[in-house]
Amino acid sequence: MSVSSSPRKSEEKVFVENIERGDEEVRVNDPEVRALWDEYQALQEQFGEVGEAKLIRKVDWRLIPVFAILYLIAFLDRGNIGNARLAGLEEDLNMTADQYNIALTVFFFPYALFEIPSNIILKVLRPRIWLSVNIFIWGVVMTCMGVVQGYGGLIATRVLLGVFESSFFPGVVSIISMWYKRHEMQFRVSLFYASASFAGAFSGLLAYAISQMSGIAGLLGWRWIFILEGIVTVIFGAASYWMLCDDPRRTRWLTSDEIRLLQLRCMFDVDHIRNAEGKIDLDSLAKQEHGEFGTSGFKWDYLWTALKDWKMWNNSLMFWGCSVTTYAFSFSVPTIMTQLGYSNTIAQLMTIPVYIAAAIMTIVTAYFSDRFKQRAYFVIGWFATSVVGIIIQLATKPHQTGPRFFALFLIAMGIYSAFPGVIALHSNNLPRPWIRAVSTGCHICFGNLGGAVGSNIFIASQRPVYQLGYGFVLGITTVGMITATIDLVIFKRINAKREKMNKAEILAKYTNDELEQMGEHSPLFRYTT
């Protein structure tokens, strides 16, 4: 029997007064919030700590493997052009090295441009519908890429691939935010993002196997790479409508009590305001109570608010520390392996241990980041690890294959492990749902433009040293460290200042509506660092 539900709260009511939190009890004067709290306590007692942990594992096993498989496919499809290059793409289409770099670059402009409108669409359309349609179409585009007859056809398909892949990552992050508390998100994001690392490993192995089909049906190996991987994407795109989940309220595999507990535990996820006596952030509950993403409509002011926020620009630069290096690395590492003296075939296989190590460290890092509720320290540490690897590449000679190969491990582990923390550090500090959706879209949009840069800095004429490539990623990774440090210092300073504020003075100075509109600028909000 489900515990009776309480009246729904308006999405606009982000903060509610009259809650007194103590070490052992919570006294509530507001009758509606009292009912919600009593319901939450009853459900927690019913499930117990073991039962609640079991429920979260149940959600994990239902959601995360699906996200991981689909993101693996997405990363394979955008990055397999590097493997296709080794399998004869350039020679067959009579392309120059500069034309190849342009083919890499054109993916990122529509990919970045369409992320913001995609996030807006996700606020009014169910994610499983929007994402499944996009996955299916980019699979068709991927398949068509295998039958292009010239450079123009390759450019057109790369542009379309960027358009339809743009919805996936922000869509998945949006879904995850509906199921988990703030400090549970990074581990879950990292679990599916780690599949990008596995994609790097798997793409090498898969490309090696598929390239052996060269000559079948009169097609070279690079064409089979695109065709077969595209067909797989089409199949998963068609199936993803039933594989994906929107939010707890639209599930058939949870009981009514499980659904309600998931909703209420997000509502009372108030660690960021635990010292603000009498204030609870209800934006997570509002999203659950009024459908997946709320009923209020998009306003252009939300976009303006996101664009004038210093955090979005600072964190976009931090994102560049990951995106420039990640895409430069993923597109170039098969070629770099050949420069270390390996044949094309062996070079495909030698990328595998590098990416496996990166995937493992991404998951381990996210686990401890969520456990200790810290983001910036881990981001800074992994950026520093990448910097060490890049310096080794710049300082060693081409024939010193041992240290140069080891440096690839440091670079990969650093950039892949830092990325989920970069995303979490930004989204965790945006309490209002519409602002979070739009700002996250802007953050990912501008951050992914780094891929356009990363795809052009490893110039063929500079092989095997790649002074420009490694020099640029050294600089931008250092910028990532600096921007993460800026977040850490400023957020800690603001939190310390707010800790000293008096509740009575805050309530005397601001109305409840003013506190609501302030969002993360409210003196009752505590930043995640």
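For clarity, every value in this text was computed on a predicted model and none was experimentally measured.

1. Regarding helix 18 (residues 433–448)
Phase 1: Taking 1.5 Å of rise per residue, the 16 residues of helix 18 would be expected to cover 22 Å, and the 22 Å separating its terminal C-alpha atoms lies within 8% of that figure.
Phase 2: Among the 16 residues of helix 18, 15 are classified as buried, and the element is accordingly described as predominantly covered.

2. Details of the packing of helix 6 (residues 127–145) against helix 8 (residues 168–176)
Phase 1: As a packed pair, helix 6 and helix 8 sit with axes 10 Å apart at the nearest point and diverge in direction by 155°. In terms of orientation, helix 6 lies roughly antiparallel with respect to helix 8. Crossing hand, helix 6 versus helix 8: left-handed. Where helix 6 abuts helix 8, its residues Pro127, Leu131, Ile135 and Trp138 lie against Phe168, Gly171, Val172 and Ile175.
Phase 2: Considered class by class, the residues forming the contact of helix 6 with helix 8 number seven nonpolar, one polar and no charged.

3. A word on the packing of helix 6 against helix 7 (residues 151–165)
Phase 1: As a packed pair, helix 6 and helix 7 sit with axes 9 Å apart at the nearest point and diverge in direction by 165°. As judged from the angle between their axes, helix 6 and helix 7 are roughly antiparallel. The way helix 6 lies across helix 7 gives a crossing that is left-handed. Here Asn134, Ile137, Trp138, Val141, Met142, Cys144 and Met145 of helix 6 come into contact with helix 7, specifically with Leu154, Thr157, Arg158, Leu160, Leu161, Phe164 and Glu165.
Phase 2: Residues that form the contact of helix 6 with helix 7 fall into these classes: 10 nonpolar, two polar and two charged.

4. Digging into the environment of Gly421
Phase 1: Residue position: Gly421 is located in helix 17 (residues 401–427).
Phase 2: Exposure remark for Gly421: the relative accessible area of 2% places this residue in the buried category.
Phase 3: Placed 51 residues apart in sequence, Gly421 and Asp370 show a C-alpha to C-alpha distance of 9.6 Å.
Phase 4: Beyond its immediate chain neighbours, meaning those up to four positions away, Gly421 contacts Gln186, Arg375 and Val379.

5. Some remarks on a nonpolar patch on the surface
Phase 1: On the surface, Ile360, Val364, Tyr367, Phe368 and Phe372 cluster together to form a nonpolar patch covering roughly 450 Å² of accessible area.
Phase 2: Structurally, the position occupied by Val364 is in helix 15 (residues 344–372).
Phase 3: On the basis of relative accessible area, Val364 is assigned to the partly exposed category, the value being 35%.

6. Considering the environment of Gly450
Phase 1: By the secondary structure assignment, Gly450 is in helix 19 (residues 450–454).
Phase 2: Since its relative accessible area comes to 0%, Gly450 is described here as buried.
Phase 3: Sequence separation between Gly450 and Gly321 is 129 residues, and the spatial gap between their C-alpha atoms is 8.3 Å.

7. Concerning the confidence of the model for the protein
Phase 1: Residues with a pLDDT of 70 or more make up 84% of the protein, whose mean pLDDT is 81.
Phase 2: Note on residues 1–28: pLDDT under 50 across the span, and 88 contacts to partners over four residues away in sequence or across chains.
Phase 3: Long-range and interchain partners of residues 271–295, a stretch whose pLDDT sits below 50, account for 100 contacts in this model, where long-range means more than four residues apart.

8. What to know about the pattern of salt bridges
It is possible for side chains of opposite charge to pair when their charged atoms get near one another.
Phase 1: Counting across every chain of the model gives 14 salt bridges.
Phase 2: Salt-bridge contacts for Arg223 lead to Asp92; the nearest nitrogen and oxygen are separated by 3.3 Å. Taken together, the residues Arg223 in helix 10 (residues 221–243) and Asp92 in helix 2 (residues 89–92) connect sequence positions 131 residues apart.
Phase 3: With a relative accessible area of 30%, Asp92 lands in the partly exposed category.
Phase 4: Close ionic contact of Arg126 with Asp246 constitutes a salt bridge, the shortest N to O distance being 2.8 Å. Within this pair, whereas Arg126 is found in the loop between helix 5 (115–124) and helix 6, its partner Asp246 is found in the loop between helix 10 and helix 11 (256–267), the two being separated by 120 residues in sequence.
Phase 5: Residue Arg126 is classed as partly exposed on the basis of its relative accessible area, which comes to 22%.

9. Side note on the packing of aromatic side chains
Phase 1: Considering all chains together, one arrives at 23 aromatic pairs under this definition.
Phase 2: Judged by centre distance (6.2 Å) and plane angle (15°), the ring pair of Phe368 and Phe372 falls under stacked. You can see Phe368 and its partner Phe372 sitting in helix 15, four residues apart, about one turn around the helix.
Phase 3: In this structure Phe368 comes out as partly exposed when scored by relative accessible area, which is 31%.
Phase 4: With a centroid separation of 5.4 Å and an interplanar angle of 85°, the aromatic rings of Phe525 and Tyr527 are classed as edge-to-face. Like Tyr527, Phe525 is buried.
Phase 5: Among the aromatic residues, ring-to-ring pairing joins Phe67, Tyr71, Phe75, Trp138, Phe168, Phe169, Phe192, Phe319 and Phe419 into one connected group.
Phase 6: Over the face of the ring belonging to Tyr100 we find Arg85, whose NZ or CZ atom lies 4.0 Å from the ring centre.
Phase 7: Of note, Arg128 hangs over the ring of Tyr241, and the distance from its end group to the ring centre comes to 4.5 Å.

The rules behind these values
Residues numbered from 1 in each chain as written. Predicted model: local features only at pLDDT ≥ 70, side-chain atom pairs only at ≥ 80, totals over all residues. Heavy atoms only, no water. Helix = DSSP H or I, 4+ residues; strand = E, 2+ residues; numbered from the N terminus. Expected span 1.5 Å × (residues − 1). Buried < 20%, exposed > 50% of the residue type's maximum accessible area, 1.4 Å probe, protein only. Axes fitted to C-alpha atoms, helices over the stretch in contact; angles between N-to-C directions. Parallel < 35°, antiparallel > 145°, perpendicular 65-115°, else oblique. Left-handed = near helix turned anticlockwise from the far one by under 90°. Contact = heavy atoms within 4.5 Å. Nonpolar A, V, L, I, M, F, W, Y, C, P; charged D, E, K, R; others polar. Patch = residues over 30% accessible without salt bridge, like charges linked within 9 Å, V, L, I, M, F, W, Y side chains within 5 Å. Areas by Shrake-Rupley, 256 points an atom, 1.4 Å probe, with all protein chains shown as cover. Salt bridge = Lys/Arg side-chain N within 4 Å of Asp/Glu carboxyl O. pLDDT = per-residue confidence, 0-100. Phe/Tyr/Trp six-rings, centres within 6.5 Å; stacked < 30°, edge-to-face > 60°. Lys NZ or Arg CZ within 6 Å of the ring centre and 35° of its normal.

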